Amino acid sequence: MANPNIVSVSEIKGESIGEALTTTVTTDIMTIASNKLVKLNFISVANTHATTACDVTVSVVKTGDITLTGVAGGEDNAGTFELCSTVSCPADDVLIVLDKPIYLMETDVLEGGANPATADIFISYEVIDDA
């Protein structure tokens, strides 16, 4: 798995997306493309229902080994790691899932869902490319 060198990048593009969450908590929201690094800056989930709370799950699925110098070589970090797991978001309220940056490497997947499906997720991020 390649990891772009953030010292010699060719471009950094700031972007944001939003979408309605479904009740399937493993729904793919964002899959990181080959040779890209994504810096997630902020994730919020807004419950749009006027009277019913919803349970929110947002996870990162990592598919492989860490291959960076200075990090235990070959360390297996494959798996699903929750940023929040079945956290209750009250009616007409906002849950801040992430307010400090984290990085997602190529092939990592951000997934999530809400039960009931009355919530919208909003993500602010940067795509870093060293091509």
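Above this note sits the structure.
Read on for an overview of the structure.

Conventions adopted
- Residues numbered from 1 in each chain as written.
- Predicted model: local features only at pLDDT ≥ 70, side-chain atom pairs only at ≥ 80, totals over all residues.
- Heavy atoms only, no water.
- Helix = DSSP H or I, 4+ residues; strand = E, 2+ residues; numbered from the N terminus.
- Buried < 20%, exposed > 50% of the residue type's maximum accessible area, 1.4 Å probe, protein only.
- Contact = heavy atoms within 4.5 Å.
- Areas by Shrake-Rupley, 256 points an atom, 1.4 Å probe, with all protein chains shown as cover.
- Salt bridge = Lys/Arg side-chain N within 4 Å of Asp/Glu carboxyl O.
- Pairing = 2+ DSSP bridges.
- Axes fitted to C-alpha atoms, helices over the stretch in contact; angles between N-to-C directions.

1. Here we look at the overall build of the protein chain
In terms of helices and strands, the protein chain carries zero helices and nine strands. The order of helices and strands in the protein chain, counted from the N terminus, is β-β-β-β-β-β-β-β-β. Across the 131 residues of the protein chain, 35% fall into the buried class. The contacts of the protein chain with a sequence gap of at least 6 include a subset with a gap of at least 24, amounting to 86%. As presented, the protein chain carries roughly 6,700 Å² of accessible surface, and 53% of it is formed by carbon and sulfur atoms.

2. Quick look at the pattern of salt bridges
Any two side chains of opposite charge can pair, given that their charged atoms come close. In the structure shown here, the tally under the stated rule is three salt bridges. Residue Asp-129 pairs with Lys-36 through a salt bridge whose shortest N-O separation is 2.5 Å. With Asp-129 in strand S9 (residues 119-129) and Lys-36 in strand S3 (residues 36-47), this residue pair connects regions lying 93 residues apart in the sequence. On the accessibility criterion, Asp-129 (7% relative accessible area) is buried. Lys-62 serves as the salt-bridge partner of Asp-108, at 2.6 Å between the closest nitrogen and oxygen.

3. A few points about the sheet that holds strand S4 (residues 54-62)
Spatially, the four strands line up as an open sheet ordered S2-S8-S4-S5, and their pairing is antiparallel. With partners counted over all chains shown, the strands left at the sheet margins are strand S2 (27-31) and strand S5 (79-89), one partner each. Taken over all neighbouring pairs, the strand axes of this sheet differ in orientation by 20° on average, direction set aside.

4. Observations regarding unusual backbone geometry
A cis amide bond links Asn-115 to the next residue, Pro-116, at an omega of 0°. With respect to the helices and strands, Pro-116 occurs in the loop between strand S8 (109-115) and S9. Positive phi values are uncommon outside glycine, yet Asn-35 reaches one of about 65°. Structurally, Asn-35 can be placed in the loop between S2 and S3. For Thr-107, which is not glycine, the phi dihedral falls at a positive 75°. For Thr-107, the location among the structural elements is in the loop between strand S7 (102-105) and S8. Under the relative-accessibility criterion, Thr-107 is labelled partly exposed at 36%.

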